[in-house]
Amino acid sequence: MSKPKQAGGRPRDSRVDHAIAAAVRSLLAEQSYATLTVDAVAARAEISKAAIYRRYATKQEMIFAVLLHDLDEAPPADTGSLRGDITELVTRISDQLAQSAAGVMAGLLADIHADSALAVRFTDSYLAVERSVITTLLDRAVARGELPHRPDPALVHALLLGPLFAWQIMLDEDPTRTTVLAEAVARSATDALTAGALSARTS
């Protein structure tokens, strides 16, 4: 996971970032998502709450950044093909999801959707980063000639995330098998996208 951004001020201390991440993971291994607090994270990390709030506005953003991705998330390296790029991205997402319990993700998403202001913050920040990564992968495919034009990144986003979140949260399946699922998702998504491109070329 790359370090979250900080707007101006002193350079970020990576030791604090690592301490926060370690504290969040260890506490979530001991207790539920609902009972985890910023105070507990600060105490476990042996830092001040202010140090956390300089990085994250809410508990939810802190947990999301530690377990999934922060605002510096970058696209996977160019593999030379749409299938390869999507496989790299979906594998990374599945690996991130596998590191957290289903109850943690369910609680986090419930909090986000229950608070309209928090939902807007996530849409305008973290989801925007995810869509940007997907857009980069699609633009590469267009540049290679694999796709005639860029598909709707929002639809591709749903196509990639849907099976992974269903596996992890709704079905609560074995997280160690997410690699197999990721490969299947990448294959089916690529087939769907290139089939659409083929139709566009021949219509």
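Remember, predicted model here, so these are calculated numbers, not experimental data.

S.K.: Any chance you could break down the packing of helix H6 (residues 102-114) against helix H9 (residues 153-170) for me, citing the residues and the numbers?
M.R.: Two numbers describe a pair of packed helices, the interaxial angle and the distance between the axes. H9 packs onto H6 with a crossing angle of 110° between their chain directions and a minimal axis gap of 8 Å. Relative to H9, the element H6 lies roughly perpendicular. Across the interface between the two elements, Ala102, Met105, Ala106 and Leu109 from H6 touch Phe165, Gln168 and Ile169 from H9. For the contact of H6 with H9, the per-class residue count stands at 6 nonpolar, 1 polar and no charged.

S.K.: Give a detailed account of the UniProt feature "DNA-binding region" (unreviewed entry) in the protein chain, specifying residues and quantitative values.
M.R.: On the UniProt side, "DNA-binding region" (unreviewed entry) is annotated at positions that read residues 37-56 here. Along residues 37-56 the backbone is 65% helical and 0% strand, and the end-to-end C-alpha distance reaches 13 Å.

S.K.: Tell me about the environment of Gln168, and name the residues and values.
M.R.: Mapping Gln168 onto the fold places it in helix H9. For the pair Gln168 and Thr178, spaced 10 residues apart in sequence, the C-alpha separation works out to 8.4 Å. Ignoring sequence-local partners within four residues, the contact set of Gln168 consists of Leu97, Ala98, Ser100, Ala101, Ala102 and Pro175.

S.K.: Lay out the nonpolar core with the relevant residues and their values.
M.R.: In this structure, Ile20, Val41, Ile52, Met62, Ile63 and Leu160 are the most contacted members of the largest nonpolar core, which totals 56 residues. Top contributing element to this core by residue count: helix H1 (residues 14-30), with 8 residues. If we ignore the near neighbours within four places in the chain, the residues touching Leu160 are Ile86, Leu89, Val90, Ile134, Val185 and Ala189.

S.K.: Which residues make up the packing of aromatic side chains, and what are the values?
M.R.: One pass over the structure, following the stated rule, counts 3 aromatic pairs. Judged by centre distance (5.1 Å) and plane angle (35°), the ring pair of Phe122 and Tyr126 falls under tilted. Owing to a relative accessible area of 4%, Phe122 belongs among the buried residues under this scheme. Owing to a relative accessible area of 3%, Tyr126 belongs among the buried residues under this scheme. Among the aromatic residues, those joined into a cluster by ring pairs are Phe64, Phe122 and Tyr126. Directly above the ring of Tyr33 sits Lys59, whose terminal nitrogen or CZ lies 4.5 Å from the centroid.

S.K.: Requested: an account of the packing of helix H5 (residues 82-98) against helix H8 (residues 126-144), with residues and values cited.
M.R.: Viewed as axis vectors pointing N to C, H5 and H8 meet at an angle of 165°, and their least axial separation amounts to 9 Å. Here H8 runs roughly antiparallel to H5, going by the angle between their axes. Our pair here, H5 against H8, has a crossing hand that is right-handed. Contacts between H5 and H8 pair Leu82, Asp85, Ile86, Leu89 and Arg92 from the former with Val133, Ile134, Leu137, Arg140, Ala141 and Arg144 from the latter. Of the residues in the contact of H5 with H8, the class split is 7 nonpolar, no polar and 4 charged.

S.K.: For the pattern of salt bridges, give the residues involved together with the corresponding values.
M.R.: Counted by the stated rule, this structure contains 9 salt bridges. One salt bridge connects Asp78 with Arg144, and the closest N-O pair in it is separated by 2.6 Å. Linking Asp78 in the loop between helix H4 (59-67) and H5 with Arg144 in helix H8, this pair joins segments that are 66 residues apart in sequence. With a relative accessible area of 48%, Asp78 lands in the partly exposed category. Between Glu146 and Arg144 there is a salt bridge, with the nearest N and O atoms lying 2.7 Å from each other. Through salt bridges with shared partners, a single ionic network connects Asp78, Asp85, Arg140, Arg144 and Glu146.

Conventions adopted
- Residues numbered from 1 in each chain as written.
- Predicted model: local features only at pLDDT ≥ 70, side-chain atom pairs only at ≥ 80, totals over all residues.
- Heavy atoms only, no water.
- Axes fitted to C-alpha atoms, helices over the stretch in contact; angles between N-to-C directions.
- Helix = DSSP H or I, 4+ residues; strand = E, 2+ residues; numbered from the N terminus.
- Parallel < 35°, antiparallel > 145°, perpendicular 65-115°, else oblique.
- Contact = heavy atoms within 4.5 Å.
- Nonpolar A, V, L, I, M, F, W, Y, C, P; charged D, E, K, R; others polar.
- UniProt positions renumbered as here; feature names shortened; annotations may be inferred.
- Core = buried A, V, L, I, M, F, W, Y, C linked by side-chain atoms within 4.5 Å.
- Buried < 20%, exposed > 50% of the residue type's maximum accessible area, 1.4 Å probe, protein only.
- Phe/Tyr/Trp six-rings, centres within 6.5 Å; stacked < 30°, edge-to-face > 60°.
- Lys NZ or Arg CZ within 6 Å of the ring centre and 35° of its normal.
- Left-handed = near helix turned anticlockwise from the far one by under 90°.
- Salt bridge = Lys/Arg side-chain N within 4 Å of Asp/Glu carboxyl O.

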